[in-house]
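# Notes for the structure review
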Amino acid sequence: MLNYPRTYIQLVFIADVASVFSNFLPMFQHEGRLIHTLYFALNDLVHTLMLRFVNSAVVGTKMAGDLVAIDVNDITNLRTLEDMEVCEACPR
């Protein structure tokens, strides 16, 4: 399975974004009513992940549906490879 370059890159990506999720998950790992914080926490999570590869001018302060509406297939919306936030172990 690790003989496939794509699998290796996917595993490195998961390891790299783990820090983003490790900030998010503890919020919901204790008892209590937290549904009122879920919307904003998920919005922040998606916002943070998108800023890794989408231009900050495109992401801006958008929330929820506006973030989903961003066309990630439009290369003008994406950061350049040199500017993209990728892990140190990933080849560019």
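Look above for the structure.
As a starting point, this report considers the structure included with it. Quick caveat, the model's predicted, so the values are computed rather than measured.

## Some thoughts on the overall build of the chain
- Counting its regular elements, the chain contains four helices and zero strands.
- Overall, the chain shows an N-to-C arrangement of helices and strands of α-α-α-α.
- Every one of the 92 residues in the chain was classed for burial, and the buried ones make up 24%.
- Within the chain, residue pairs in contact and separated by at least 24 positions form 39% of the contacts whose partners lie at least 6 positions apart.
- A total of about 7000 Å² of accessible surface is found on the chain, and carbon and sulfur atoms cover 63% of it.

## Overview of the pattern of salt bridges
- Scanning the entire structure with this criterion turns up one salt bridge.
- Asp-16 is the partner of Arg-52 in a salt bridge, and the nearest nitrogen-oxygen pair spans 2.6 Å. Remark: Asp-16 occurs in helix α1 (residues 5-24) and Arg-52 occurs in the loop between α2 (35-50) and α3 (56-59); sequence separation between them is 36 residues.
- On the basis of relative accessibility, which here comes to 13%, the residue Arg-52 falls in the buried class.

## Brief notes about the nonpolar core
- Among the nonpolar cores identified, the biggest contains six residues, and these are Met-50, Val-54, Val-58, Val-59, Leu-67 and Ile-70.
- Those residues in contact with Val-54 that sit more than four places away from it in its chain are Val-59, Ile-70, Val-72, Asn-77, Leu-78 and Arg-79.

## What about a nonpolar patch on the surface?
- On the surface, Leu-11, Phe-13 and Ile-14 cluster together into a nonpolar patch covering about 310 Å² of accessible area.
- Its place among the elements puts Leu-11 in helix α1.

## Here's the deal with the packing of aromatic side chains
- Counting across every chain of the model gives one aromatic pair.
- Geometrically, the ring pair formed by Tyr-39 and Phe-40 is edge-to-face, given 5.2 Å between the ring centres and 90 degrees between the ring planes.
- Judged by relative accessible area, which is 44%, Tyr-39 ranks as partly exposed.
- With relative accessibility at 49%, the residue Phe-40 sits in the partly exposed group.

## Description of the environment of Val-46
- By the secondary structure assignment, Val-46 is in helix α2.
- Between the C-alpha atoms of Val-46 and Leu-67, which are 21 residues apart in sequence, the distance is 7.9 Å.

Reading the values: rules and limits
- Residues numbered from 1 in each chain as written.
- Predicted model: local features only at pLDDT ≥ 70, side-chain atom pairs only at ≥ 80, totals over all residues.
- Heavy atoms only, no water.
- Helix = DSSP H or I, 4+ residues; strand = E, 2+ residues; numbered from the N terminus.
- Buried < 20%, exposed > 50% of the residue type's maximum accessible area, 1.4 Å probe, protein only.
- Contact = heavy atoms within 4.5 Å.
- Areas by Shrake-Rupley, 256 points an atom, 1.4 Å probe, with all protein chains shown as cover.
- Salt bridge = Lys/Arg side-chain N within 4 Å of Asp/Glu carboxyl O.
- Core = buried A, V, L, I, M, F, W, Y, C linked by side-chain atoms within 4.5 Å.
- Patch = residues over 30% accessible without salt bridge, like charges linked within 9 Å, V, L, I, M, F, W, Y side chains within 5 Å.
- Phe/Tyr/Trp six-rings, centres within 6.5 Å; stacked < 30°, edge-to-face > 60°.

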